[in-house]
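Here's the letter readout for the chains.
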Amino acid sequence: MKIQNIQLKSIGEERTLRYDFDYHYFYGISSNEYYKFEELFEIAKDDNVDFDNLFEEFQYCEIGNTDKNGEITPVTLDFSKRNLLDENYYKKIEKGDIISASKDDILIAKVRPNLKKYIRVTPDIESVYFTSAFLHLKAKAIPEIMYYCFRNLFYNNLMAISRQGKGYPTLSETDIRELKFSKSIIDTLINKKETLTNQIVCIESEISSLKHQTRTQQDIIDSCFGNEFGFDYDRFETLKAVKIFHSNNSDFSNNPDLRFSAKFHRGAGKFVMEQLNIVTDKKIKHYLSEPIVLGASISPDNYSDDGDGFYISMATIKSWSFNSEEANTISDEYAEAKSEKTVRKNDIILARSGEGTIGKVALIDNDDINGVFADFTMRIRLKNYNPEFAYYFFRTSYFQYLVEVYKKGLGNNTNIFPVVIQEFPLIDISLEEQQRIVDEIHSEIKKQDEINEKIVELRSEIDKIIEKAIVED
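Here the structure is a predicted model, which means the values were calculated and not measured.

What counts and what doesn't
- Residues numbered from 1 in each chain as written.
- Predicted model: local features only at pLDDT ≥ 70, side-chain atom pairs only at ≥ 80, totals over all residues.
- Heavy atoms only, no water.
- Buried < 20%, exposed > 50% of the residue type's maximum accessible area, 1.4 Å probe, protein only.
- Helix = DSSP H or I, 4+ residues; strand = E, 2+ residues; numbered from the N terminus.
- Arc of directions from axis to C-beta.
- Contact = heavy atoms within 4.5 Å.
- Axes fitted to C-alpha atoms, helices over the stretch in contact; angles between N-to-C directions.
- Nonpolar A, V, L, I, M, F, W, Y, C, P; charged D, E, K, R; others polar.
- Core = buried A, V, L, I, M, F, W, Y, C linked by side-chain atoms within 4.5 Å.
- Salt bridge = Lys/Arg side-chain N within 4 Å of Asp/Glu carboxyl O.

Colleague: Looking at this structure, how should I read helix α11 (residues 233-240)?
Modeller: Looking only at α11, the buried set comprises Y233, F236, L239 and K240. Viewed end-on, α11 has its buried residues packed into an arc of 120°, placing them on one side of the element. Tucked into the core, α11 has its buried residues touching α10 (217-229), α13 (267-279) and α16 (397-406).

Colleague: What is the right way to read the packing of helix α15 (residues 387-395) against α16 from this model?
Modeller: Relative orientation and spacing of two packed helices are given, respectively, by the angle between their axes and the distance between those axes. Relative orientation of the contacting elements α15 and α16 amounts to 65°, with a least axis distance of 4 Å. Here F393, F394 and R395 of α15 lie close against α16, whose contacting residues are S397, F399 and Q400. Grouping the constituent residues of the contact of α15 with α16 by class yields three nonpolar, two polar and one charged.

Colleague: What's the story with the nonpolar core in this structure? I'm lost.
Modeller: The tendency in soluble globular proteins is for nonpolar side chains to be buried side by side. Among the nonpolar cores identified, the biggest contains 49 residues, and F225, I284, I348, I380, F394, I421 and I441 are the most heavily contacted of them. In this structure, F394 is in contact with I284, I348, V361, I380, F399, Q400 and L426, ignoring residues within four places of it in sequence.

Colleague: In this structure, what is going on with the environment of V405? I would like to understand it.
Modeller: On the secondary structure map, V405 appears in helix α16. For the pair formed by V405 and A268, sequence separation is 137 residues and the distance between their alpha carbons is 9.2 Å.

Colleague: Before we go on, may I ask you to explain the side chain of T396 in this structure?
Modeller: Its location among the elements puts T396 in the loop between α15 and α16. Excluding residues that lie within four positions of it along the chain, T396 makes contacts with Q218, I221, D222 and F225.

Colleague: Can you walk me through the pattern of salt bridges in this structure?
Modeller: Opposite charge on two side chains lets them pair, provided their charged atoms get close. Here the structure, examined in full by the defined rule, presents 26 salt bridges. The salt bridge partner of K92 is E62, with a shortest N-O separation of 2.8 Å. Remark: E62 occurs in the loop between β3 (58-61) and β4 (75-77) and K92 occurs in helix α4 (residues 87-94); sequence separation between them is 30 residues. The class of K92 is partly exposed, set by a relative accessible area of 31%. With a closest N to O distance of 3.0 Å, D187 and K183 form a salt bridge. One end of the pair is D187 and the other is K183, both in helix α8 (residues 183-191) and four residues apart, which spans about a single turn.

No statement about biological role is implied by the geometric values presented.
Below, the structure written as structure tokens:
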């Protein structure tokens, strides 16, 4: 146990009366031994984006498009080809949630900085736009070295000035200005700048080469299904870009609830359905072991730190798998009362509401997960069908577009229900063929995992090089 004695005066001198241990522990040392933030960095103020530049193809990166190694998977957007699947991005950008960055700039996530979602802007990604949820820093010296110091040497200091309330830790521009940097360490790094920079550039060149070989899981899944079943993605993308189209009055009367929205009658949606109907005449309902059901609602009183079960909400499956770290634990009494709303191995949980989340799925892939799924999700249990094949099919661009077409509601309050999902096509091939395609997807994902592991190893080498330079001084 760590014990620290501080004077009340020290707490009173801090503008927000902070009294958390880490803050006062790391900053109780004389500032004469440190460089202040302003001596080494400035916060960018000229990062506004000309909206006219967004009416052509561009890339946009949110915190969620960044991993713990600083690698990004930005989405490709174009306001002149605005589409339903990416509408949430367009709305955020219209509200000003977009910044531009330059080579060697450093971006640090304002929310949950403990996840190390920090980005150094290299020439490869200099043209990418970013969410304003990143703190945008410009280093006055050794930017390539300072970036790695944030991830390693100065990480504890960064966490000390972050604010941890009832929610996630956060950083603000005001907070980060309070950072102090060991003068002896910075001076050593500056003195060894040339040697360190050459070593870092060499390793980053190898990383860049590996990154050009990477593919996203979405690309792998779409490619495997497209090659296997002849999905015409080029035609699909062309139809999605069509803004003006004509419909007959009969088109409105030929659907059960007389839907007349533009998104429901778009040619892209009809095209996807036609392509799937060529492949199969079966629907999800033909393979259900039991009816699709919605989950259970919950109140704050039902949460418990002593519980063994999880509450599987939309937030816990937003990364296409169940993330227990994002989940709240529930009381044993609540779990027992909602026993009909629990999950077991091979269940598929689908988010039924919320822009940016609706349609996302997670496969429960082991028996150890004890959880109740939320009322804004639904549980799909299949029989005589490979649940992993179904899971990957549900992740295809075709299936996800059907969710966009058939959902109802306005703004962020959109919903889709089991009675609709069960009518979606489901590919009818043998279990052996399903497993063959699953194995192919696994093989491609494994290749990407190996590349990513190599990138992690190389970044670790850079950390060791910087640490060694300081120790040997």
